[in-house]
Number of protein chains: 2
Amino acid sequence: MTISDEIKTVRKELILEHAERLFYERGYRGTSMDAVAEALSVTKPVLYAVYDRKLDILIDISLRALNRSIDALRLARRIDGTRTHQLRDFARRFTDAVIRHQAGSAVFFREESFIPPEATREINHLKGCFDTELAELIEAGMAAGEFRVDDVRSASLAIGGMISWIYIWYRPDGRLSPEAIGDLMATYTLRLVGAPAGSS
Amino acid sequence: MTISDEIKTVRKELILEHAERLFYERGYRGTSMDAVAEALSVTKPVLYAVYDRKLDILIDISLRALNRSIDALRLARRIDGTRTHQLRDFARRFTDAVIRHQAGSAVFFREESFIPPEATREINHLKGCFDTELAELIEAGMAAGEFRVDDVRSASLAIGGMISWIYIWYRPDGRLSPEAIGDLMATYTLRLVGAPAGSS
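Residues numbered from 1 in each chain as written. Chains lettered and ligands numbered in written order. Predicted model: local features only at pLDDT ≥ 70, side-chain atom pairs only at ≥ 80, totals over all residues. Heavy atoms only, no water.

Chemist: Just checking my understanding: could you explain the overall build of chain A for this structure?
Modeler: When its secondary structure is counted, chain A shows 10 helices and zero strands. Along its sequence from the N terminus, chain A presents helices and strands in the succession α-α-α-α-α-α-α-α-α-α. With the C-alpha coordinates of chain A rotated into their principal frame, the extents come out at 60 × 35 × 35 Å. Looking at chain A residue by residue over its 200 residues, the buried ones come to 52%. (Helix = DSSP H or I, 4+ residues; strand = E, 2+ residues; numbered from the N terminus. Buried < 20%, exposed > 50% of the residue type's maximum accessible area, 1.4 Å probe, protein only.)

Chemist: Is there a simple way to think about the confidence of the model for chain A in this case?
Modeler: Regions with low pLDDT carry predicted coordinates that are not meant to be interpreted in detail. Residues and elements named next belong to chain A. With 98% of its residues at a pLDDT of 70 or more, chain A shows a mean pLDDT of 93. Averaged pLDDT values for the elements of chain A fall to 89 in helix α1 (residues 3-26) and rise to 98 in helix α10 (residues 178-192). Across the predicted assembly, pTM comes out at 0.92 and ipTM at 0.91. (pLDDT = per-residue confidence, 0-100.)

Chemist: How should I be thinking about the domain arrangement of chain A in this particular structure?
Modeler: It is common to report an interface's size as the accessible area lost on association of the parts. All names here are of chain A. Domain annotation for chain A reports domain 1 (1-52) and domain 2 (55-192). Each partner contributes to the interface: domain 1 provides 15 residues, whereas domain 2 provides 16 residues. The junction of domain 1 with domain 2 conceals about 1,500 Å² of combined surface from both sides, 64% of it contributed by carbon and sulfur atoms. Interface area lost by domain 1 to domain 2 is led by E20, Y24 and Y28, which between them contribute 50%. If you look at where domain 1 meets domain 2, you find three salt bridges. Our enumeration of links across domain 1 and domain 2 arrives at five residue pairs in polar contact (both at pLDDT 80 or more). It is α1 that contributes the most residues to the side of domain 1 that touches domain 2, nine residues altogether. Its residues assigned to classes, the side of domain 1 that touches domain 2 comprises eight nonpolar, one polar and six charged. (Domains from an automatic or database assignment. Contact = heavy atoms within 4.5 Å. Buried area = accessible area lost by both parts, 1.4 Å probe. Salt bridge = Lys/Arg side-chain N within 4 Å of Asp/Glu carboxyl O. Polar contact = N/O pair within 3.5 Å; in protein donor to acceptor, adjacent residues only side chain to side chain. Nonpolar A, V, L, I, M, F, W, Y, C, P; charged D, E, K, R; others polar.)

Chemist: Whenever I open this one, the interface of chain B and chain A confuses me. Can you help?
Modeler: Listed per partner, the contact involves 30 residues of chain B and 30 residues of chain A. Between chain B and chain A the total buried area reaches about 2,800 Å² when both faces are included, carbon and sulfur atoms providing 61% of it. Among the residues of chain B in contact with chain A, B:W165, B:Y188 and B:R191 are the three that bury the most area, contributing 24% of the side total. Summed over the shared surface of chain B and chain A, the result is two salt bridges. Note that A:D151 and B:R175 form a salt bridge whose closest N and O atoms lie 2.8 Å from each other. Joining chain B to chain A, the criterion identifies 12 residue pairs in polar contact (both at pLDDT 80 or more). Among the secondary structure elements, those contributing two or more residues to the side of chain B that touches chain A are α6 (102-111), α8 (152-164), α9 (166-169) and α10 (178-192) of chain B. Among the elements that take part in the side of chain B that touches chain A, α8(B) stands out by supplying nine residues, more than any other.

Chemist: Looking at this structure, I do not really get the environment of B:H18. What am I missing?
Modeler: All names here are of chain B. Checked against the element boundaries, H18 lands in helix α1 (residues 3-26). In this structure, the C-alpha to C-alpha distance between H18 and R175, residues 157 residues apart in sequence, is 27 Å. Dropping the residues within four chain positions of it, H18 is found in contact with A39 and L40. Within the structure, the side chain of H18 is placed 2.9 Å from the backbone oxygen of L14, a separation counted as a polar contact.

Chemist: Can you walk me through α1(B) in this structure?
Modeler: Since the α-helix packs 3.6 residues into each turn, any two residues three or four apart lie on the same face. Residues and elements named next belong to chain B. Here α1 is 24 residues long and its end C-alpha atoms lie 34 Å apart, about the 34 Å a rise of 1.5 Å per residue gives. Residues of α1 that are buried: I15, L16, A19, E20, L22, F23 and Y24. For α1, the secondary structure elements touched by its buried residues are α2 (33-40), α3 (44-50), α4 (54-77) and α6. Positive phi appears at G27, one or two residues downstream of α1, with a value of about 85°. (Expected span 1.5 Å × (residues − 1).)

Chemist: How should I be thinking about the environment of B:R92 in this particular structure?
Modeler: Residue and element names in this part refer to chain B. With respect to the helices, strands and loops of the structure, R92 is situated in helix α5 (residues 83-100). For the pair formed by R92 and I163, sequence separation is 71 residues and the distance between their alpha carbons is 9.4 Å. Setting aside residues up to four positions removed in sequence, R92 forms contacts with G182, D183 and A186.

Following this line, the structure appears as structure tokens:
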């Protein structure tokens with residue numbers, strides 16, 4: 001990686017971080033490229049050197065949100081332990097990702113209708129990966145006699161929805177810490193798939 | 001109710017129905033009052049006689065979505081039966097409401113940031129009613145020895161999220177019927193609160 005590439009990567013991160021916050025607070029349509037440049041204290045040419053369309057920022061925010069979910073799942077599945085261990089670990093990691101990137105998660109779910117067909121394909125592919133791999137983990141747990149589920153796909157959507165939904169209600173000054181919420185979601189997830197609650 | 005009031009009510013229903021669909025497909029900001037009038041095949045003065053601001057349509061869509069959730073809960077709590085019966089009935093009714101009014105649910109959750117402070121108070125009041133009354137039902141089930149929950153508020157948010165999330169993934173041409181989804185959500189809801197699965 002050249003120094004100029006490295007600078008570009010750092011700039012990209014900063015742009016996405018600020019744009020996420022602005023899109024979250026003012027909506028995607030309500031945020032201009034001028035506003036993004038202003039929040040970053042850079043001129044528009046500097047911003048356009050990295051993103052020449054506002055839409056590409058939204059696409060990258062969405063891809064990052066999806067990739068975080070998939071990373072949470074893949075890391076959990078690599079853990080040496082029972083399927084119950086892995087599913088509990090996934091629920092905690094996924095909860096943590098939604099909470100730490102609340103603005104990004106909200107923007108992805110709210111503004112998806114603006115994503116153009118050429119990017120929809122990649123987004124749908126990643127969604128498919130997430131759903132399939134979560135279903136695989138549940139099926140592996142059923143095969144191991146750890147889980148009891150009648151309909152794996154809907155159980156996977158129920159878990160994904162229950163945890164994704166945290167972006168709607170989480171408040172940093174709320175009653176529960178992110179860790180406590182992660183533990184509760186892990187318990188609910190294990191209950192949902194019929195694992196003996198609280199056991200490992 | 002006078003005939004003119006009655007006509008106004010019917011018109012309101014029609015406007016909300018069409019606006020829900022347009023806001024769902026094009027976003028709230030992307031939909032003009034002209035577009036709403038056009039979809040209804042009426043002139044703008046006819047539309048403005050019922051709603052003089054686009055914002056008031058969004059507020060009414062949001063209030064209706066919230067009231068449907070609360071109705072599902074209150075009707076279920078009136079059922080003569082155990083808390084398990086009532087919670088199962090709520091999950092089915094709520095699922096049905098989200099599916100039958102998918103566009104309205106989506107618009108409410110996506111566009112909430114446009115709702116002005118004067119309406120936020122009523123919306124927050126209704127949200128509070130829903131959360132409190134669902135928590136009460138869970139607590140009543142715990143008191144009756146039917147449910148085992150460590151943290152009632154988060155269990156209530158988890159159930160609300162899991163079912164609300166259906167607006168994201170439900171497709172009318174999908175694998176499962178609305179009734180089948182309702183039954184599955186009822187099972188997941190009862191499992192989540194630690195009720196003996198499948199029992200009544």
